[in-house]
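If you want the building blocks of each chain, they are given just below.
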Amino acid sequence: MSLECCFCTEPTQDTCTECTVSCCSRHLYKHRLGGFCQPWKISQKPGIGRVLLASRNISAWERVVYDEALVVVPDYIPVCLACLDKVNGDHRCEKCLWPMCGKEECKNHPNHELECKVFSGKNLQPQIEDYSSIHWAYSALAILRVILTSQTSLENKEALEMFMSHVEDWKSDTKVCEGLARVWKFLETTLAQSSINEEWCLFEYELNSHVTWHKHTQSLFLLS
Ligand SMILES: [Zn+2]
Ligand SMILES: [Zn+2]
Ligand SMILES: [Zn+2]
Ligand SMILES: [Zn+2]
């Protein structure tokens, strides 16, 4: 009998020693993320897409899913690129000049490290008139963060590539396409990220993220 990894669905003879579900050695850490055996396997359903199916009986009130965000990014409102609190223009990153909150712990913060290197010395900070209104530069920043995260490790790249494509659903919305085209032009012309598939980044990110309203942030979860 052919057995499939509960996470990547590739054939495997490996199993989890705790619960005996089929799981390749590369994805055992995903199955055990959170310190318990997650009771599901990933599957595809025609007309729906990727779904989670129970891999064993699940008790009432049992924790079913534990996931960690691959990327946390600003929503569309100007925020500190380290802690994602709101900003008012009084403080800026000393290197790239994007607005920051001014807290000491937000200086040289790892959350902002990758994009800061890209922006530094290039005069790419947004021109913001109203700090309480949405600004397209934060959409561009969000997508850039997804791109840069995918480049930090093969694991992240593979995880981001597992997101489902919804490109066709969005292509008919001209407003969305216009806005995203502007963002893409910014990324392409100023950052030379030509190796990335434009549609993949823009559409996957938009449709696979959760908005956490209390802090104007969005998080990309593989299981969402
Ligand atoms: Zn696997
Ligand atoms: Zn297990
Ligand atoms: Zn901050
Ligand atoms: Zn910076």
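So, how was this worked out
- Residue indices follow the written sequence of each chain, beginning from 1 at its first position.
- For naming, the first written chain is A and the first written ligand is 1, with later ones following in the order written.
- Where local features are concerned, this predicted model is filtered to residues with pLDDT of at least 70; where side-chain atom pairs are given and counted, the filter is 80 or more; whole-chain, interface and lining totals use all residues.
- The side-chain figures draw on all heavy atoms in the structure; neither hydrogens nor water molecules are used.
- Shown as donors are all N, O and S atoms within 2.8 Å of a metal ion, widened to 3.2 Å for Na, K and Ca; because water is not in the atom set, sites may appear incomplete.
- In these descriptions, tetrahedral denotes four donors with every angle between 85 and 135 degrees, square planar four donors and octahedral six donors with opposite donors over 155 degrees apart and the rest between 65 and 115, and irregular any other case.
- Numbered from the N terminus, helices here are DSSP runs of H or I no shorter than four residues, and strands are runs of E no shorter than two.
- Lines fitted to C-alpha atoms define the axes, with helix axes restricted to the stretch in contact, and inter-axis angles between N-to-C directions lie between 0 and 180 degrees.
- Throughout this description, any angle smaller than 35 degrees is read as roughly parallel, any larger than 145 degrees as roughly antiparallel, any in the 65 to 115 degree range as roughly perpendicular, and the remainder as oblique.
- We call two residues in contact when some of their heavy atoms are within 4.5 Å.
- Classification used: nonpolar for Ala, Val, Leu, Ile, Met, Phe, Trp, Tyr, Cys and Pro, charged for Asp, Glu, Lys and Arg, polar for all others including Gly.
- In protein, a polar contact requires one atom able to donate a hydrogen and another able to accept it; more generally it is a pair of N or O atoms within 3.5 Å, and residues adjacent in sequence count only if both atoms are side-chain atoms.
- Only buried Ala, Val, Leu, Ile, Met, Phe, Trp, Tyr and Cys residues count toward a nonpolar core, and they belong to the same one when joined by side-chain atoms within 4.5 Å.
- Residue exposure (1.4 Å probe, protein chains only): buried if accessible area is under 20% of the type maximum, exposed if over 50%, otherwise partly exposed.

Asker: Is there a simple way to think about the coordination of the zinc ion (ligand 1) in this case?
Answerer: For the zinc ion (ligand 1), the full set of protein donor atoms is Cys5 (SG), Cys8 (SG), Cys24 (SG) and His27 (ND1), at a range of 2.1 to 2.3 Å. In this structure, the zinc ion (ligand 1) is surrounded by four donor atoms whose angles at the metal cover 94 to 125°, and the resulting shape is tetrahedral. Of note, the donors binding the zinc ion (ligand 1) are all from one chain and are spaced C-x2-C-x15-C-x2-H. With a gap of 16 residues between them, Cys8 in the segment before helix H1 (28–31) and Cys24 in the segment before H1 connect regions that are remote in the sequence.

Asker: How do you make sense of the packing of helix H3 (residues 136–150) against helix H4 (residues 154–161) when you look at a structure like this?
Answerer: Packed helices, taken two at a time, are described by the angle between their axes plus the distance between the axes. Two elements in contact, H3 and H4, have axes whose closest approach is 7 Å; the angle formed by their N-to-C orientations is 125°. As far as their axial angle goes, H4 and H3 are oblique. Every residue of H4 that contacts H3 at Val146, Thr149 and Ser150 is listed here: Asn156, Lys157 and Leu160. Its residues placed into classes, the contact of H3 with H4 shows two nonpolar, three polar and one charged.

Asker: What should I look at first to understand the side chain of His135 in this one?
Answerer: Note on placement: His135 falls in the loop between helix H2 (110–119) and H3. For His135, the side chain forms a polar contact with the main-chain oxygen of Gln127, separated by 3.1 Å. When near neighbours in sequence (up to four residues on either side) are disregarded, His135 contacts Tyr76, Pro78, Pro126, Gln127 and Ile128.

Asker: Explain the nonpolar core here, please?
Answerer: Nonpolar side chains in soluble globular proteins tend to be buried together. With 29 residues, the main nonpolar core has Cys80, Trp98, Phe119 and Leu187 as its most contacted residues. Elements supplying a minimum of two residues to this core: H2, H3 and helix H6 (174–191).

These results come straight from atomic positions and should not be treated as a statement about function.
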